[in-house]
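So you can see what is in the structure, the chains are spelled out below.
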Amino acid sequence: MRTGSIPRMIRPLGLSTREAEIMTLIAEGHSNGEIATQLVLAEKTVKNHVNRIYAKLGAGSRAAAISRWRDQPVVASPFPPAEIPRN
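Residues numbered from 1 in each chain as written. Predicted model: local features only at pLDDT ≥ 70, side-chain atom pairs only at ≥ 80, totals over all residues. Heavy atoms only, no water.

### A look at the environment of methionine 23
- Counting through the fold element by element, methionine 23 comes out in helix α1 (residues 17-27).
- With a relative accessible area of 0%, methionine 23 lands in the buried category.
- What methionine 23 contacts, discounting residues up to four positions off in sequence, is Leu15, Ile53, Leu57, Ala65, Ile66 and Trp69. (Helix = DSSP H or I, 4+ residues; strand = E, 2+ residues; numbered from the N terminus. Buried < 20%, exposed > 50% of the residue type's maximum accessible area, 1.4 Å probe, protein only. Contact = heavy atoms within 4.5 Å.)

### As for unusual backbone geometry
- Positive phi is not limited to glycine here, since valine 40 has a value of about 55°.
- Within the secondary structure layout, valine 40 lies in the loop between α2 (32-39) and α3 (43-57).
- Judged by its relative accessible area of 59%, valine 40 falls in the exposed class.

### Side note on the environment of lysine 56
- For lysine 56, the location among the structural elements is in helix α3.
- Residue classification places lysine 56 among the partly exposed residues on the basis of a relative accessible area of 40%.
- Between the alpha carbons of lysine 56 and leucine 13 there is a distance of 7.6 Å; along the sequence they are 43 residues apart.
- In this structure lysine 56 touches Gly14, Leu15, Ser16 and Glu19, once residues within four positions along its chain are discounted.

### Focus: the nonpolar core
- Among the nonpolar cores identified, the biggest contains 19 residues, and Ile22, Met23, Ile26, Ile35 and Leu57 are the most heavily contacted of them.
- Put simply, the parts of the chain that give this core at least two residues each are α1, α2, α3 and α4 (62-71).
- The element contributing the most residues to this core is α1, with six residues.
- If we ignore the near neighbours within four places in the chain, the residues touching isoleucine 26 are Ile35, Val50, Arg62 and Ile66. (Core = buried A, V, L, I, M, F, W, Y, C linked by side-chain atoms within 4.5 Å.)

### Digging into the packing of α1 against α4
- As a packed pair, α1 and α4 sit with axes 10 Å apart at the nearest point and diverge in direction by 105°. Comparing the axis directions of α1 and α4 gives the class roughly perpendicular. On α4, the residues that touch Ala20, Met23, Thr24, Ile26 and Ala27 of α1 are Arg62, Ala65, Ile66, Trp69 and Arg70.
- Each residue belonging to the contact of α1 with α4 can be placed in one class, and the counts come to seven nonpolar, one polar and two charged. (Axes fitted to C-alpha atoms, helices over the stretch in contact; angles between N-to-C directions. Parallel < 35°, antiparallel > 145°, perpendicular 65-115°, else oblique. Nonpolar A, V, L, I, M, F, W, Y, C, P; charged D, E, K, R; others polar.)

### Here's the deal with the confidence of the model for the chain
- Mean pLDDT for the chain: 81, with 70% of residues reaching 70 or above.
- Per-residue pLDDT stays below 50 along residues 1-9; that stretch engages in 16 contacts with residues further than four places along the chain or on separate chains. (pLDDT = per-residue confidence, 0-100.)

### Let's talk about the pattern of salt bridges
- Under the defined criterion, the tally for this structure stands at three salt bridges.
- As a salt-bridge pair, arginine 18 and glutamate 21 come within 2.7 Å of each other at their nearest N and O atoms. Of this pair, arginine 18 and glutamate 21 both sit in helix α1, separated by three residues, roughly a single helical turn. The pair formed by arginine 18 and glutamate 21 is uniform in burial state, with each residue classed as buried. (Salt bridge = Lys/Arg side-chain N within 4 Å of Asp/Glu carboxyl O.)

Right under this line is the structure:
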């Protein structure tokens, strides 16, 4: 899936569409490696997005980012739930 194929949406908490997509997967409990596989990205690219997400959310950790993400008003997500098999 490419960013250009994702429907436009309100960008919650100032995140880009791709960052919101990644934050959704983080909040679902997926690792950076799983997210990279799902989105066909390098894991380093995902880490870069995660660092920008932390900065935008003012979060110092994954748990803090998830908490901030979940505290936002509910907005319909254009992203289907990830179907990444768990080991």
